[in-house]
Structure formats: structure tokens, C-alpha cells
Amino acid sequence: MTNPLAGTSAIVTGASRGIGEAVARSLAAAGARVALVARRREPLEKLARELGAGAFAAPCDLTNADAVRAAAASIVRTLGVPPQILVNNAGSFRVGAVQELAAEDFRTMLDLNLFAPYLFVREFLPAMLAARRGHIVSIGSVADRSAFSGNSGYSASKFGARALHEVLRVETKGTGVRATLISPSTTDTSIWDGLAPEKRARFPKATDMLRADDVANAVLFAVTQPPTVNVDELRLTRA
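Thresholds, definitions, all that
- Residues numbered from 1 in each chain as written.
- Predicted model: local features only at pLDDT ≥ 70, side-chain atom pairs only at ≥ 80, totals over all residues.
- Heavy atoms only, no water.
- Salt bridge = Lys/Arg side-chain N within 4 Å of Asp/Glu carboxyl O.
- Helix = DSSP H or I, 4+ residues; strand = E, 2+ residues; numbered from the N terminus.
- Buried < 20%, exposed > 50% of the residue type's maximum accessible area, 1.4 Å probe, protein only.
- Phe/Tyr/Trp six-rings, centres within 6.5 Å; stacked < 30°, edge-to-face > 60°.
- Expected span 1.5 Å × (residues − 1).
- Contact = heavy atoms within 4.5 Å.

Student: I tried to follow the pattern of salt bridges on my own but got confused; where do I start?
Tutor: Should their charged atoms come close, side chains of opposite charge can pair. Evaluated as defined, the whole model comprises 14 salt bridges. Note that Asp-66 and Arg-69 form a salt bridge whose closest N and O atoms lie 2.9 Å from each other. Placement of both Asp-66 and Arg-69 in helix H3 (residues 65–79) is noted, with a separation of 3 residues, approximately one turn of the helix. One salt bridge connects Glu-166 with Arg-162, and the closest N-O pair in it is separated by 3.8 Å. A residue pair is termed a helical-turn pair when its members lie 3 or 4 positions apart in one helix, as Glu-166 and Arg-162 do in helix H5 (residues 152–172) at 4 residues. Taking relative accessible area as the criterion, Arg-162 reaches 13% and is therefore assigned buried. Each of the salt bridges in this network shares a partner with another, and the network as a whole consists of Asp-144, Arg-145, Arg-162, Glu-166, Glu-233 and Arg-235.

So, in C-alpha cells, the structure goes:
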């Protein structure tokens, strides 16, 4: 089937770059209308133009409950119906030993990696439950199940996001709403900018990382399964 998501609408957070951009491109290519969400308007509008009439920018401060509520209402108005797919991808990655990591960096990771997904789930889950249809995809990380030195804030937020997914899966089972956790190992995106992973012994080189398209392919696989099938979790590693 050329367009398995024809007639479907989706939201992708963190869509302005990296994994989010790749996921947005993949869903749009499969026929979905895609709401592109991130803080900055310009890259979202540029991507929307590239993807065509089915995509549109929905800039938003993802960590502000009022802003998310307003963006959600605007997205539904634009689509005409509540979206059937929500991909919670936006994230922040800062490194530093527990005693050295800045408090604001720790808070930023909790806000963007955990609080923001909760806000978007809270906004769109009721309509999915009412329709008995929908799919919530959480983009996790190897750090959502394994602890690494220097990852106190990132692991705390990603472990929390995994827990949110697990509770969501329990609460939606049998409702027609599906929930999937995509948990990739290190992926070559701009999240590494400024960290120079090739110069840090404990980080893999970019050539040994997954690609954003690998994660996007996993998302597309999960959301195109038959309605009776839920992909609870996909763990991705570089072969």
C-alpha cells in the first residue's frame, strides 16, 4: 500500500530537526497530515513547505501548559478533527556529573523530556479514548533503562518517560488506543552539537550511531500495524 496513513492526521513534537524531522517526513510520505510542533516557527514553516499541503507549523512552548492547550486547540481547528497519532519526540540532552550539572539544565531535561509529553498526552488522549482509536508514540532512549555516568538529568527524565508510557499502556489497553515506546541507542543528530562525541571515550563515534531515519522507520512500522496489534516497545541498536 503506497499511502498506509492516508486519511490520518498526526502530531510530531520536536519536528524542527533530527529524529522529529525524520519522523514527520516519514509520516507525511505515508499519507498523513502532520502538525509540526517545536518552539521555533521558522524551521517548522520551512519543513511544512517541503512536505506540502498536508503539513503545517504549530510553534509552541512545549513546557508551558497554557501554551500546549492553546496549540492543541489550534491544531484540532486546522485539522478539523482530533489527530489519530501523537509522537512525543522533543527532548534535551545535557551531560555532567551529579554535583556539577547545573540545576537549570536538570530542570530543562525534566521539563522537555517528561513534563512536555505528559502535557500533550493529557490534551489529546480524551478524544482518542472517545473515538476508541489513536496511537501515542514515545521516543525514548537507551538511557531510559540503563544508567550512564554524566546522565543524571537525562536518565531521570527518560526513565520517567518510560514509566509514563508503561502506565499509559496499562490504562489504554482494550480501549482501541495504542501506545508504543521507541527506545533507540545513540543516534546521530544535532543533539550532539557541542559535545564532540568523537573526542569522548565513553561516547560512540557518529559513524557508529543510528540514523534519524532508522528511528523514523520504526515509528512508521509501529503505527501501521493492524488495529488489533500493539507494538509495546521497540529497542533499536546499531547492527
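This is not the end of the story, as more comes after the structure.
Student: When you look at the packing of aromatic side chains in this model, what are you seeing that I'm missing?
Tutor: For any two aromatic rings, the description comes down to two numbers: the centre-to-centre distance and the angle of the planes. Applying the stated criterion across every chain yields a total of 3 aromatic pairs. Between Phe-115 and Tyr-118, the aromatic rings sit 6.1 Å apart at their centres with planes inclined by 25°, giving stacked as the arrangement. Pair noted here: Phe-115 and Tyr-118 are both in helix H4 (residues 103–131), with a separation of 3 residues, about one helical turn. Residue class for Phe-115 comes out partly exposed when judged on its relative accessible area of 34%. Given a relative accessible area of 36%, Tyr-118 falls into the partly exposed group. Relative to Phe-124, the ring of Phe-120 lies with its centre 6.5 Å away and its plane at 20°, an arrangement referred to as stacked. One end of the pair is Phe-120 and the other is Phe-124, both in helix H4 and 4 residues apart, which spans about a single turn. The same class applies to Phe-120 and to Phe-124, which are both buried.

Student: Just checking my understanding: could you explain H5 for this structure?
Tutor: Because the α-helix completes a turn every 3.6 residues, residues three or four places apart line up on one side. The end-to-end C-alpha distance of H5, which contains 21 residues, comes to 30 Å, matching closely the 30 Å that a straight helix rising 1.5 Å per residue would cover. Looking only at H5, the buried set comprises Gly-153, Tyr-154, Ser-155, Ser-157, Lys-158, Gly-160, Ala-161, Arg-162, His-165, Leu-168, Arg-169 and Thr-172. Close packing links the buried residues of H5 with H4, strand S5 (134–139), strand S6 (177–184) and strand S9 (233–236). Gly-174 lies just past H5 and shows a positive phi near 85°.

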